[in-house]
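Working through the structure, step by step
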Amino acid sequence: MTLFERLTKKAQQYPQRLVLPESTEPRTLQAAERILEKKAAHIIFIGNKEEILDEATKLGLSRIGEAEFLDCDDHACTEKYAQLFAELRKSKGVTLQDARYTVKNPLYLGCLLIKNGEADAMVAGALSPTSSVLRAAFQVLKTKPGINVVSGAFIMLLPENCGFGDHHMLVFADCAVIPDPTAEELAQIAVATAKTTKDIAGLDPVVALLSFSTKGSASHARVDKVKEATEIAHKLDPSLKIDGELQSDAAIVPSVGKLKAPDSEVAGHANTLIFPSLETGNIAYKLVQRLAGAGAVGPILQGLAAPVNDLSRGATVDDIVNTIIVTCNQAIGDKGL
C-alpha cells in the first residue's frame, strides 16, 4: 500500500471537516469533486453557493452540491465570526466593525470556522500568496501549546533501490519557513516534525539534528546551536528518540553512524532529518528530489494549533487532492485517532 493509499483510507475512515476558501477556482473544485467521490472529507466551501455550483456545472462536476456552503457576504451568517475575531484581536485594537470587514476575507472566515469548532482544517493557496494564508492562520488559530514557530516538512519518497530511508521514506524539515532558526526554534521544529513523521509518514520517529560536525568533530557557533537545540528538544519531549549533532551520513548510514557515534541510538537509523537552516533544508530536499528521483510531499505546515496547508499557485489537481488528504490526516492525528 502506497503512502497516499494508506492516508486516503484513514481519511475515509475518519472524515474531517475541510474548508476550501478558494471556492470557484477550477482546480480546487475538481479536487473537491474527487475528495467527495472518495468520501475522504466533508467539504465546506466559503463563497456564494449559486456561483460555486454554476462554476462546477461549467466544469462538468456533479458532486459539489454535497458540500456545505458559507457565504462571507451573508451578514446574518457571519456576524458571530466577526464577534469572535473582534474578541480574539481586541488587544491589537481590532473593533467589531473592523472584524466585520475582515470576515469577508474567505481565508479569515475559514480559520474562524476552525477556531469556533465548526471545521477541522483548511487548504488554500491556489489563488492566494503564502503570506496571506499564514497571516490568517497566525492571527486566528495561533500555534500549538509549547510551540511558537511554524515550519514546513517534506516527506521524501525514495526509490526502492536506493537503500536508504524507513520504508523508503525520510522526513526533512525545515524546508519552507524559518530562514535561520534559533536553538529554541530548531528544537520546536524537531518535535513538530516528529509528529509529522508519526501522523503522516506513519513511522516511529527517529530524529537527527544535522550539522557539519558529529559529536564534537568540529567546533563552531553553528555546531553549538545544534547541540543546544538537541538538549532543548529532549526536555520538550523526553519520549522522543532524538540525537544531535550528527552529520548527514552519520545519521542515515548504519556503518558510518556506528563508527562516528557508537553510543547513539539514532545514528545510522534516522528517518527524520532536521536541518540547521532553511537554506540547507531547501537545497537538500530539491537535490534529493532531482538527483535521486525522489517524490517530495509537502511542504506540510506544522506547529499551527489546527492544520492549515498552503498550495503552490501552480498546483495541479493531483497536488490539491494530495494536500487535502495530508491535511485531513494531520487533523486525525491531532485528535489521537
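Let me begin by describing the structure that accompanies this report. (Residues numbered from 1 in each chain as written. Predicted model: local features only at pLDDT ≥ 70, side-chain atom pairs only at ≥ 80, totals over all residues. Heavy atoms only, no water.)

1. With respect to the environment of proline 307
Tracing the sequence through the fold places proline 307 in the loop between strand S10 (295–302) and strand S11 (308–310). What makes proline 307 buried here is its relative accessible area of 6%. Note: C-alpha distance between proline 307 and threonine 272 (35 residues apart in sequence) is 20 Å. Once residues lying within four places of it in the same chain are set aside, the contact partners of proline 307 are Ile114, Asp120, Ala121, Met122, Thr327, Gln330, Ala331 and Asp334. (Helix = DSSP H or I, 4+ residues; strand = E, 2+ residues; numbered from the N terminus. Buried < 20%, exposed > 50% of the residue type's maximum accessible area, 1.4 Å probe, protein only. Contact = heavy atoms within 4.5 Å.)

2. Observations concerning helix H1 (residues 3–13)
Within the sequence span of H1, burial applies to Leu3, Phe4, Leu7, Thr8 and Ala11. When H1 is viewed along its axis, its buried side chains cluster within an angular range of 120° and face the same direction. The exposed set on the far side of H1, more than 90 degrees from its buried face, consists of Lys9 and Gln13. Check the buried side of H1 and you find it contacts helix H2 (26–38), strand S5 (151–157), strand S6 (169–173), helix H8 (183–201), S10 and helix H13 (317–334). (Arc of directions from axis to C-beta.)

3. Structural notes on the sheet that holds S10
Working definition: the strands of a sheet are paired by backbone hydrogen bonds and lie parallel or antiparallel to each other. In space, the six strands of this open sheet follow the order S8-S7-S9-S6-S5-S10, with mixed pairing throughout. Single-partner strands in this sheet number two, and they are strand S8 (241–246) and S10. Averaged over all pairs of adjacent strands, the angle between strand axes in this sheet comes to 20°, irrespective of strand direction. As paired strands, S5 and S10 are joined by six bridges and run antiparallel to one another. (Pairing = 2+ DSSP bridges. Axes fitted to C-alpha atoms, helices over the stretch in contact; angles between N-to-C directions.)

4. Focus: the pairing of S5
Within S5, six of the seven residues are buried, which leaves it mostly tucked inside the rest of the structure. Inspection of the sheet shows S5 paired to S6 by four bridges, in the antiparallel sense. Residue pairing in the sheet places leucine 157 in a bridge with methionine 169 of S6.

5. Side note on the sheet that holds S11
Read from one edge to the other, the open sheet built from five strands follows the order S3-S2-S1-S4-S11, with strand pairing classed as parallel. What marks the edges here is a single partner per strand, and that holds for strand S3 (68–70) and S11. The sheet shows a mean angle of 25° between the axes of neighbouring strands, taken without regard to direction. Here two bridges tie strand S1 (residues 16–20) to strand S4 (residues 121–124), and the two strands are oriented parallel to one another. Each bridged residue has a counterpart across the sheet, and for leucine 18 the counterpart in S4 is alanine 121. Relative to S4, helix H6 (residues 106–115) is tilted by about 165°, and along the sheet it contacts S1, strand S2 (41–46), S3, S4 and S11.

6. A look at the nonpolar core
Core analysis: the biggest nonpolar cluster contains 63 residues, and Leu18, Ile43, Phe45, Ile64, Ile155, Leu209 and Ile324 have the highest contact counts within it. The element contributing the most residues to this core is H8, with nine residues. If we skip the residues at most four places from it in the chain, leucine 18 touches Ala41, His42, Ile43, Ile44, Ala121, Met122, Val123, Ile324, Thr327 and Cys328. Counting 34 residues, the second-largest nonpolar core is a separate cluster that includes Val19, Phe85, Cys111 and Val150. (Core = buried A, V, L, I, M, F, W, Y, C linked by side-chain atoms within 4.5 Å.)

7. Quick word on the packing of H6 against helix H7 (residues 130–140)
Between H6 and H7, whose axes approach to 9 Å, the crossing angle comes to 35°. Handedness of the H6/H7 crossing: right-handed. Every residue of H7 that contacts H6 at Leu107, Tyr108, Cys111, Leu112 and Lys115 is listed here: Ser132, Val133, Arg135, Ala136, Ala137, Gln139 and Val140. For the contact of H6 with H7, the residue count by class is eight nonpolar, two polar and two charged. (Left-handed = near helix turned anticlockwise from the far one by under 90°. Nonpolar A, V, L, I, M, F, W, Y, C, P; charged D, E, K, R; others polar.)

8. Some remarks on the packing of aromatic side chains
All told, the structure shown has four aromatic pairs when counted by the stated rule. Aromatic side chains phenylalanine 154 and tyrosine 285 sit 3.8 Å apart centroid to centroid with 15° between the ring planes, which places their arrangement in the stacked category. Here tyrosine 285 lies in helix H12 (residues 278–291) and phenylalanine 154 lies in strand S5, a separation of 131 residues in the sequence. Exposure remark for phenylalanine 154: the relative accessible area of 4% places this residue in the buried category. (Phe/Tyr/Trp six-rings, centres within 6.5 Å; stacked < 30°, edge-to-face > 60°.)

9. Quick look at a negative patch on the surface
A contiguous patch of negative charge on the surface is contributed by Glu184, Asp224, Glu228 and Glu231. Of the residues forming the negative patch, the biggest block, three residues, is contributed by helix H9 (residues 221–236). Within the fold, glutamate 228 resides in helix H9. Given the relative accessible area of 43%, glutamate 228 is considered partly exposed. (Patch = residues over 30% accessible without salt bridge, like charges linked within 9 Å, V, L, I, M, F, W, Y side chains within 5 Å. Areas by Shrake-Rupley, 256 points an atom, 1.4 Å probe, with all protein chains shown as cover. Salt bridge = Lys/Arg side-chain N within 4 Å of Asp/Glu carboxyl O. Lys, Arg positive; Asp, Glu negative; His and termini not counted. Charge placed at Lys NZ, Arg CZ, Asp CG, Glu CD.)

10. Some words on the pairing of S1
Of all the five residues making up S1, four are buried; the element is thus mostly covered by neighbouring parts of the structure. Summarising the sheet, S1 and S2 pair through five bridges and their orientation is parallel. If you follow arginine 17 over to S2, its bridge partner there is histidine 42. Once you follow S1 into H2 and on to S2, the crossover reads as right-handed. (Right-handed = clockwise from strand over helix to strand, strands pointing away.)

11. Side note on the side chain of arginine 27
In this structure, arginine 27 sits in helix H2. Ignoring anything within four residues of it in the chain, the contact list for arginine 27 reads Ala126, Arg313, Gly314, Ala315, Val317 and Ile320.

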